Amino acid sequence: VGTDVVFSPSLVCPLLETIKLMARKKDAESTKATRIYLCLQIRCADSHSLLFSEAHKYGLEVVDVTGELTSCCPWAVELECLLLKINVNEEAATHGKKRKKSSKEKKSKKTSSKEKKSKKKDKKSPKRRKKE
């Protein structure tokens, strides 16, 4: 269960990735699928739209089940709360598998590796000078 976790567009995909990695679907090995609910207010329309449009890329389906919330919590209507249920689709990757990194993410990782090597060289050079 999560509340107010969809407020920044930059955090929607990491949230979906985390949900995908932590959730499991019902299969031969598990008797129950993970139940995932988000209760939220729309604080950022872009984030809300992104949640729905990107979920399928992570093997997830977002379903608005606000009617279930309003029947047991009348204050939810007054506060404009939404209740979203997230289902793990059959075609989703198995539990714990990561999605493939984009070329942009791979390039960023390579750059950081080069920066680390460069920093190591800089650290070594003063020591060499002292010995000489």
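My aim in this report is to walk through the structure given alongside it, one point at a time. (Residues numbered from 1 in each chain as written. Predicted model: local features only at pLDDT ≥ 70, side-chain atom pairs only at ≥ 80, totals over all residues. Heavy atoms only, no water.)

This next bit is on the overall build of the protein chain. Scanning the protein chain from terminus to terminus reveals five helices and four strands. The order of α-helices and β-strands along the protein chain, N terminus first, is β-α-β-α-β-α-α-β-α. For the protein chain, buried positions account for 29% of its 132 residues. Taking the intrachain contacts of the protein chain between residues at least 6 apart in sequence as the baseline, contacts between residues at least 24 apart amount to 70%. (Helix = DSSP H or I, 4+ residues; strand = E, 2+ residues; numbered from the N terminus. Buried < 20%, exposed > 50% of the residue type's maximum accessible area, 1.4 Å probe, protein only. Contact = heavy atoms within 4.5 Å.)

In this section: helix 1 (residues 9-22). With 14 residues, helix 1 should cover 20 Å at 1.5 Å per step; its first-to-last C-alpha distance of 21 Å lies within 8% of that length. Those residues of helix 1 lying buried are Val12, Leu15, Leu16, Glu17, Ile19 and Lys20. Where helix 1 is buried, its residues contact strand 2 (36-40), helix 2 (45-54), strand 3 (60-64) and strand 4 (82-88). (Expected span 1.5 Å × (residues − 1).)

Attention shifts here to the environment of Ala45. With respect to the secondary-structure elements, Ala45 resides in helix 2. Placed 37 residues apart in sequence, Ala45 and Ser8 show a C-alpha to C-alpha distance of 9.5 Å.

Nothing here speaks to function; it is all geometry.
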